Amino acid sequence: MEYKKINDATVQCIVTAEDMLEYGLTLSDIFERNEKGEGFLRDIIERAHDEVGYTLSGESIAMQITPLQDKGLAVTFTNESPMGFRDILQHLKEVLQGVSAELGRQDEEERRAAGQKKKEEYEDNRRMFVFATLHQAMQYTVSIPKNLSVKSHLYKEGEAYYLVVEKNRLSYKMFNKISAQAVEFGNLIAVSEERMLYLEEHGECLIADRAVSKLRKIYLA
């Protein structure tokens, strides 16, 4: 794991796929916040003191978790709010933009061929964002350029709203750009076939297609 101190109250930790394997963790453990995942996140915070001299002030901690292309994670946490949380969002955007730049140099047909050889547990062509309110989801859709045709679906499970966005005809650069924008309003969740099946079974589909466009129209009406 690699630690980076953003400021006195905010730290970012890059967790590689090898780190995940060493701890016996999956993305589901982290995003479903089960006992194993919660223990791992606590360990990351505790180790930050030895790695970069991070000291807890006794206040509550805000945390943002973003999956990376190599199946690793970017875990950023702060006990300074709201300024520190703005630093979290900025650094998450930089992480996603770095992934976008790398993907932009790759030929899409080669990626499809590689995908046929091995089915990935984490689907890079589909992303899921969870919002605490429908208003936050609509605010996010307004930040997406109007000229983009975004294949998307909206679900509700419990009190949360889940917006599933598919790459479809978008470039990876644009796909990552609109993903980075989403972290200002909600959280990114790793998508697997199992996770989608669970959402379809236990959640309510509010908008089956073109959810981004339809939510934008409602918000701006």
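Residues numbered from 1 in each chain as written. Predicted model: local features only at pLDDT ≥ 70, side-chain atom pairs only at ≥ 80, totals over all residues. Heavy atoms only, no water.

Caption draft 1: Quick peek at the sheet that holds strand 4 (residues 73-78). Taken in spatial order, the 4 strands make up an open sheet running 1-2-4-3, and their pairing is antiparallel. Single-partner strands in this sheet number two, and they are strand 1 (2-7) and strand 3 (62-67). Taking each pair of neighbouring strands and ignoring which way they run, the sheet shows an average axis angle of 15°. Pairing of strand 2 (residues 10-15) with strand 4, which is carried by 6 bridges, proceeds in the antiparallel orientation. Bridge pairing links Cys13 to Val75 in strand 4. Of the strands in this sheet, strand 1, strand 2, strand 3 and strand 4 touch helix 3 (residues 35-52), which is tilted by about 75° from strand 1. (Pairing = 2+ DSSP bridges. Helix = DSSP H or I, 4+ residues; strand = E, 2+ residues; numbered from the N terminus. Axes fitted to C-alpha atoms, helices over the stretch in contact; angles between N-to-C directions. Contact = heavy atoms within 4.5 Å.)

Caption draft 2: View of the pairing of strand 3. Counting buried positions along strand 3 yields 5 of 6 residues, so the element is predominantly enclosed. Of the pairings in the sheet, the one linking strand 3 to strand 4 comprises 6 bridges and is antiparallel in character. Bridge pairing in strand 4 links Pro67 to Leu73. (Buried < 20%, exposed > 50% of the residue type's maximum accessible area, 1.4 Å probe, protein only.)

Caption draft 3: Looking closely at the environment of Ile144. Note on placement: Ile144 falls in the loop between helix 6 (134-142) and strand 6 (151-157). In this structure Ile144 comes out as buried when scored by relative accessible area, which is 2%. Considered as a pair, Ile144 and Val212 are 68 residues apart in the sequence and their alpha carbons are 8.3 Å apart. Setting aside residues up to four positions removed in sequence, Ile144 forms contacts with Val150, Ile178, Gln181, Val212 and Arg216.

Caption draft 4: Representation of the pattern of salt bridges. Per the counting criterion, the structure on display carries 3 salt bridges. Arg47 is the partner of Glu51 in a salt bridge, and the nearest nitrogen-oxygen pair spans 3.8 Å. With Glu51 and Arg47 both in helix 3 and 4 residues apart, this pair spans about one turn of that helix. Owing to a relative accessible area of 42%, Glu51 belongs among the partly exposed residues under this scheme. Overall, Arg47 belongs to the partly exposed group, its relative accessible area being 28%. (Salt bridge = Lys/Arg side-chain N within 4 Å of Asp/Glu carboxyl O.)

Caption draft 5: Fine view of the nonpolar core. Judged by nonpolar contacts, the single largest core of 21 residues is most densely connected at Tyr140, Leu163 and Ile178. The set of elements that each furnish at least two residues to this core consists of strand 5 (126-131), helix 6, strand 7 (160-166), helix 7 (172-182) and helix 9 (211-220). With residues near it in sequence (within four places) discarded, Tyr140 still touches Phe129, Phe131, Leu163, Ile178, Ser179, Gln181, Ala182 and Phe185. Counting 19 residues, the second largest nonpolar core, distinct from the first, contains Val15, Met63, Ile65 and Phe77. (Core = buried A, V, L, I, M, F, W, Y, C linked by side-chain atoms within 4.5 Å.)

Caption draft 6: Helix 8 (residues 193-202), seen in detail. Of the residues making up helix 8, those classed as buried are Arg195, Met196 and Leu199. Within helix 8, the buried residues cover an arc of 100° as seen down the axis, which keeps them to one side. Along helix 8, the residues that are exposed and aim more than 90 degrees away from the buried face are Glu194 and Glu201. (Arc of directions from axis to C-beta.)

Caption draft 7: Geometry of unusual backbone geometry. Positive phi, close to 50°, is recorded for Asn168, a residue that is not glycine. With respect to the secondary-structure elements, Asn168 resides in the loop between strand 7 and helix 7. A relative accessible area of 43% places Asn168 in the partly exposed class. Unusually for a residue other than glycine, Arg210 sits at a positive phi of about 55°. Checked against the element boundaries, Arg210 lands in the loop between strand 9 (204-207) and helix 9.

Spatial relationships are all this shows, so hold off on functional conclusions.
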